[in-house]
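One letter stands for each residue in the lines below.
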Amino acid sequence: MENQSENQFKVPKKTFLQSTTAKMIMVGVLTLVLLIPLNLVQNLIQERSIRKDDVIKKETQTWGENIHFMGPILKVPVKTYTETEVYDEQTKTKSIQKQEELTYAYFFPETLQHTTEIEKVDQLKRGIYKPIVFKANLLAKGNFSSLDLQKLDCKPEDILWDKTSVIVKTTDLKSIKSDLKITLNNSQLTLEANADSDAYFDVLETETFSYQPDVTNPFQLNIQYNGSNSIEFIPIGKTTATSIDANWSSPSFTGTFASNDSTKKITAENFHADWKIIHVNRPFSQQYLGAIPNLNNYSYGVKLIEPVDEYQQNERSSKYGFLVIGLTFLVFFLIQTISKVNIHIFQYTMIGLALIMFYTLLISITEHSSFTLAYAIAAASVIIMLLLYSVSVLKSTKYAIFISLSLTALYSFIYVIIQLEDYALLVGSIGLFLILGAVMYFSRKIDWNN
């Protein structure tokens, strides 16, 4: 009788699979398994980003690409001579034959001023993508004077001033949307494309005219472009001044020379920037004989950029996926341990897949709206789903609300980190430290041996 009574009240011994250690192992393995669909989501984000780049590249090739401008430059024919020694077999004597050849001298302006106005075009779209394209109105003016012939080792009588022309080097001729006429010393000349293009620049050249080297020759050139992403200049003037105004709030100033900090202004709607470069600032000459060297390394200008586009934000968000899944599982596990409610591994799997769905919702909604709105919708959808599921699983509204508040705080914390640039590491480290402290606090009274 006593043995029967003792057996009746004896607590059945737990197996290893029912132990806390086994449950922790299973939850940990599940967390690692969920990295597979999370990695697939990250691959999807990269594929969509690559597709965006391909679509935008095709669109900008049609509209107009990056603008790179160098000019105007004087091009003057110069007679040069080569001497050849000729031996006469009959007379057994040597003679020197002088042969005349024609080459070209290139002269850069004494002063050069670029004034550029950029207007961003928002109407151009290709499907769901909007490329960064603009219309640019470029005014270049200055003068040619003090042409130094001694440095070219040319005699004045060998220079054919009556066959001078003006050239301009620029990229992407198809994007020019204005008549190309340059005014030089009150004479108007027409620029036309020629065949001297190199691997980077296309060349525009005027008809020949008679140049007067002894006077100051002012010039003025206006070009209207359809461009995309950036506009850059090469400071070929002995003194080069450049100003750029644009209705764009996120410029990136690039190149060898920095803009003037005292006059640079950047607001939420537009920016203004100035440069002033003198000849001692750049290591190249004002005149060349035969050919102009490659001066692309001395360019400067501005790029219109998106500080962090939607795919970069999605990618940064997905990198915190492991943290979200791990902390959410940890919250459920602590609640399970404290409340003695059994949560099956299948239920953990459903919770993990719901967290993965956040990222597919985020990227799909972002492509049709802003990242902030998409993030709010995706986070709210997942939080509400897990709230309802937690009520059913945990049989407690209190715990379900706690989980929802924890997820809200976690998603808000990650959103703040994504938006920050300079302080992302600092804020992230402090946040993770506080999260660790909270976990240690709530788990301090758990008896892990029972």
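Described below are features of the structure shown in this document. Please read these numbers as outputs of a predicted model, since none were measured by experiment.

Looking now at the overall build of the chain. Check the secondary structure of the chain and you find nine helices and 17 strands. A compact globule built from 450 residues would reach a C-alpha radius of gyration of about 22 Å, whereas the chain, at 36 Å, exceeds it by more than 25%. If one aligns the C-alpha atoms of the chain with their principal axes, the spans along those axes are about 145 × 60 × 40 Å. Put simply, the chain has 450 residues, and 42% of those count as buried. For the chain, restricting intrachain contacts to residue pairs at least 6 apart in sequence, the fraction spanning at least 24 positions comes to 78%. When the accessible surface of the chain is split by element, carbon and sulfur atoms take 55% of a total near 25000 Å². Each charge class in the chain can be summarised by its mean position, and for the 40 positive and 44 negative side chains these summaries are 13 Å apart.

Let us now look at the sheet that holds strand S10 (residues 217-228). Strand order in the open sheet formed by eight strands is S7-S6-S10-S4-S3-S12-S15-S14, with mixed pairing between adjacent strands. The open sheet terminates on both sides in strands that have one partner only, identified here as strand S7 (187-190) and strand S14 (265-266). Of the strand pairs in this sheet, strand S4 (residues 133-144) and S10 are connected by twelve bridges, and their pairing is antiparallel. Note on S10: the bridge partner recorded for Phe144 is Asn217. Set on the sheet, helix H3 (residues 35-63) makes contact with strand S3 (111-121), S4 and S10; between it and S4 the angle comes to about 45 degrees.

So, on to the nonpolar core. Residues Phe69, Met70, Phe107, Phe108 and Ile118 are the most contacted members of the largest nonpolar core, which totals 62 residues. Of the residues forming this core, the biggest block, seven residues, is contributed by strand S1 (residues 67-88). Excluding anything up to four places from it in sequence, Ile118 contacts Phe134, Lys135, Ala136, Ile231, Ile244, Asp245, Ala246, Asn247, Val302 and Leu304. In this structure, Val324, Leu355, Ile356 and Phe371 belong to the second largest nonpolar core, which totals 47 residues.

In this section: the environment of Lys177. Mapped onto the fold, Lys177 is located in the loop between strand S5 (165-170) and strand S6 (181-184). Polar contacts involving the side chain of Lys177 include one to the main-chain carbonyl oxygen of Lys174, which spans 3.5 Å.

The full count for this structure, using the stated rule, is 20 aromatic pairs. Relative to Tyr359, the ring of Phe358 has its centre 4.9 Å away and its plane inclined at 80 degrees; by these criteria the two rings are edge-to-face. With respect to class, Phe358 is no different from Tyr359; both count as buried. Summarising the aromatic geometry, the rings of Phe358 and Tyr375 are spaced 5.3 Å apart at their centres and angled 85 degrees between planes, so their arrangement reads as edge-to-face. Of the two residues, Phe358 is situated in helix H6 (residues 345-366) and Tyr375 in helix H7 (residues 371-394); the sequence distance between them amounts to 17 residues. According to the relative accessible area criterion, Phe358 is buried, its value standing at 0%. For Tyr375, a relative accessible area of 5% puts it in the buried group. Feature note: the residues Phe69, Phe233, Phe253, Phe257, Phe271, Trp275 and Tyr300 constitute an aromatic cluster, connected by ring pairs.

Our focus in this paragraph is the packing of helix H5 (residues 321-339) against helix H9 (residues 424-442). The relative placement of two packed helices is expressed as an angle between their axes plus a distance between the axes. Where H5 meets H9, the axes come as close as 11 Å, and the angle between the chain directions of the two elements is 15 degrees. Here H5 lies roughly parallel to H9, going by the angle between them. Crossing handedness for the pair H5 and H9: left-handed. Residues Leu323, Leu327, Leu330, Leu334 and Ile338 of H5 touch H9, and the partners they reach there are Leu432, Ile435, Val439 and Phe442. Looking at the contact of H5 with H9, its residues break down into nine nonpolar, no polar and no charged.

This part covers the pairing of strand S12 (residues 239-246). Pairing analysis gives eight bridges linking S3 to S12, with the strands arranged parallel. When the bridges of S12 are listed, Gln113 appears paired with Ala241. Across eight bridges, the pairing between S12 and strand S15 (residues 271-278) is antiparallel. Considered in S15, the bridge of Thr240 is made with Ile277.

With that settled, the discussion passes to the packing of H6 against H7. For the pair H6 and H7, interaxial distance at closest approach is 8 Å and the crossing angle is 160 degrees. Between H6 and H7, the crossing angle belongs to the class labelled roughly antiparallel. Considering only the axes of H6 and H7, their crossing is right-handed. Between H6 and H7, the residues in contact are Gln347, Met350, Ile351, Ala354, Leu355, Phe358, Leu361, Leu362, Ile365 and Thr366 and Phe371, Ala374, Tyr375, Ile377, Ala378, Ala379, Ser381, Val382, Met385, Leu386, Tyr389 and Val393, respectively.

On to the side chain of Ser390, then. Take Ser390: it is sitting in helix H7. Once residues within four sequence positions are removed from consideration, Ser390 is found in contact with Phe332, Lys395, Ala400 and Ile403.

Moving on, we get to H9. End to end, H9 covers 27 Å across 19 residues, agreeing with the expected 27 Å (1.5 Å per residue, within 8%). Every buried residue of H9 is listed here: Ala424, Gly428 and Gly431. Considered in projection along H9, the buried side chains sweep an arc of 65 degrees and stay on one side of the axis. For H9, the exposed residues lying more than 90 degrees away from the buried face are Leu425, Leu426, Phe433, Leu434 and Met440.

Let us look at unusual backbone geometry. Along the chain, Gly71 connects to Pro72 via a cis peptide bond; the corresponding omega equals -5 degrees. For Asn186, which is not a glycine, the phi torsion comes out positive at approximately 70 degrees. By secondary structure assignment, the location of Asn186 is in the loop between S6 and S7. Residue classification places Asn186 among the exposed residues on the basis of a relative accessible area of 76%. A positive phi angle, near 70 degrees, is found at Asn229, a position not held by glycine. Here Asn229 is to be found in the loop between S10 and strand S11 (230-233). Owing to a relative accessible area of 31%, Asn229 belongs among the partly exposed residues under this scheme.

So, how was this worked out
- Going along each chain's sequence as written, the residues are numbered from 1 onward.
- Owing to the predicted nature of the model, reporting of local features is limited to residues with pLDDT of at least 70; listing and counting of side-chain atom pairs is limited to 80 or more, with chain, interface and lining totals taken over all residues.
- Remark: hydrogens and water are excluded; side-chain values derive from all non-hydrogen atoms of the structure.
- Runs of E in the DSSP output that reach at least two residues are strands. Runs of H or I that reach at least four are helices, and both are numbered from the N terminus.
- This radius of gyration counts C-alpha atoms alone. The globule rule is 2.2 Å times how many residues there are, raised to the power 0.38.
- A simple rule labels every residue: compare its accessible area, found with a 1.4 Å probe on the protein chains alone, to the largest value its type can have, and call it buried under 20%, exposed over 50%, or partly exposed in between.
- Any two residues whose heavy atoms approach within 4.5 Å are treated as being in contact.
- In these tables, accessible area is a Shrake-Rupley quantity obtained with a 1.4 Å probe, and a residue counts as shielded only by the protein chains included in the view.
- When charges are counted, neither His nor the chain ends are considered; positive counts come from Lys and Arg and negative counts from Asp and Glu.
- A charged residue contributes its charge at one atom only: NZ of Lys, CZ of Arg, CG of Asp or CD of Glu.
- A strand pair is defined by DSSP finding two or more bridges across the two strands.
- To obtain an axis, a line is fitted to C-alpha atoms, over the contacting stretch when the element is a helix, and the angle between two such axes runs from 0 to 180 degrees between their N-to-C directions.
- Nine residue types can take part in a nonpolar core, namely buried Ala, Val, Leu, Ile, Met, Phe, Trp, Tyr and Cys, and a core is a set of them joined through side-chain atoms within 4.5 Å.
- Two N or O atoms form a polar contact when they lie within 3.5 Å of each other; inside protein one atom must be a possible hydrogen donor and the other a possible acceptor, and for residues adjacent in sequence the pair counts only when both atoms belong to side chains.
- Put simply, two rings from Phe, Tyr or Trp (the six-membered ring, in Trp's case) pair if the centres are within 6.5 Å, and we call them stacked under 30 degrees between planes, edge-to-face over 60, tilted for the rest.
- Any angle from 65 to 115 degrees is called roughly perpendicular, while one under 35 is roughly parallel, one over 145 is roughly antiparallel, and all others are oblique.
- Helix crossings are classified by the rotation of the near helix relative to the far one: an anticlockwise turn of less than a right angle makes the crossing left-handed, while a clockwise turn makes it right-handed.
- All residues other than Ala, Val, Leu, Ile, Met, Phe, Trp, Tyr, Cys, Pro, Asp, Glu, Lys and Arg, Gly among them, are scored as polar; the first ten of these are nonpolar and the last four charged.
- One less than the residue count of a helix, multiplied by 1.5 Å, gives the span that helix is expected to have.
- The directions from the helix axis to the C-beta atoms are what the arc is built from.

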